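Close look at the chain arrangement
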Amino acid sequence: MVQDNIAELSKRAIVFYDGSCGFCQASVQLVLKYNKHQNLYFAPLQSDLLQTLVPGTQLPDPLPDSILFWEGGKLYTESEAALRIARHLNFPLSILYYFRFIPLSFRDFVYRFIARNRYRIAGRTDSCMLPSPAQRARFVG
């Protein structure tokens, strides 16, 4: 039964986010609101789902503490994760995906700067956000 659930989850696009980060939770709220096809799912990085779902060879070491994105059997990190998530959003936010044409080293530099300062930007929480009843089905971790 659990293995069937993992097989089904592996086919979904899942945003893994830092459940104690106010910036990450605000980002999840934005994605929930603007995900045009309602096809993105969410799980905290702190859940066991990441370790269960993603093959160990794909897991970065150490795990980043901001976001990861699982799509099409592949795990994306840093700016690539953020831009691939943006591709699933309504216009004009989906245009952010085209920032992929900026060199990866520069994109990741900017991403890491924001990730390092995210607690200063939006604070830290002791608990994960509580999704509305309509959103609850999209949280899988």
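Right above here is the structure, for reference.
Attention here is on the structure that accompanies the text. (Residues numbered from 1 in each chain as written. Predicted model: local features only at pLDDT ≥ 70, side-chain atom pairs only at ≥ 80, totals over all residues. Heavy atoms only, no water.)

**Describing the overall build of the protein**
On a plain count of helices and strands, the protein comes out with six helices and four strands. Going residue by residue from the N terminus, the α and β elements of the protein occur as α-β-α-β-α-β-β-α-α-α. Long-range pairs, those at least 24 residues apart, make up 68% of the contacts in the protein with a sequence separation of at least 6. A total of about 8,300 Å² of accessible surface is found on the protein, and carbon and sulfur atoms cover 60% of it. (Helix = DSSP H or I, 4+ residues; strand = E, 2+ residues; numbered from the N terminus. Contact = heavy atoms within 4.5 Å. Areas by Shrake-Rupley, 256 points an atom, 1.4 Å probe, with all protein chains shown as cover.)

**What about the packing of aromatic side chains?**
Here the structure, examined in full by the defined rule, presents two aromatic pairs. Taken together, a centroid distance of 6.4 Å and an interplanar angle of 10° make the contact between tyrosine 98 and phenylalanine 101 stacked. Pair check on accessibility: tyrosine 98 and phenylalanine 101 agree, each one exposed. Through a chain of ring-to-ring contacts, the aromatic side chains of Tyr97, Tyr98 and Phe101 assemble into a single cluster. The ring of tyrosine 41 has arginine 12 sitting right over it, with the charged end atom 4.3 Å from the ring centre. (Phe/Tyr/Trp six-rings, centres within 6.5 Å; stacked < 30°, edge-to-face > 60°. Buried < 20%, exposed > 50% of the residue type's maximum accessible area, 1.4 Å probe, protein only. Lys NZ or Arg CZ within 6 Å of the ring centre and 35° of its normal.)

**Some details on unusual backbone geometry**
The linkage connecting phenylalanine 91 with the following residue, proline 92, adopts the cis geometry, with an omega of 10°. Positive phi is not limited to glycine here, since glutamine 38 has a value of about 50°. You can call glutamine 38 partly exposed: its relative accessible area is 40%. Phi is positive for glutamate 78, close to 50°, though the residue is something other than glycine. Summarising the element assignment, glutamate 78 is placed in helix H4 (residues 78-86).

**Structural notes on H4**
Residues spaced three or four apart along an α-helix face the same direction, because each turn holds 3.6 residues. When you tally the buried positions in H4, you get eight out of nine residues, the bulk of the element. Looking at H4, one finds that the buried residues are Glu78, Ser79, Glu80, Ala81, Leu83, Arg84, Ile85 and Ala86.

**Observations concerning the sheet that holds strand S3 (residues 67-71)**
Spatially, four strands are ordered S2-S1-S3-S4 in an open sheet, and the strand pairing comes out mixed. Each edge of the open sheet is held by one strand with a lone partner, namely strand S2 (40-44) and strand S4 (74-77). Within the sheet, the average angular offset between the axes of one strand and its neighbour, ignoring direction, is 25°. Pairing between S3 and S4: four bridges, direction antiparallel. Bridge assignment links phenylalanine 69 to a residue of S4, and that residue is tyrosine 76. (Pairing = 2+ DSSP bridges. Axes fitted to C-alpha atoms, helices over the stretch in contact; angles between N-to-C directions.)

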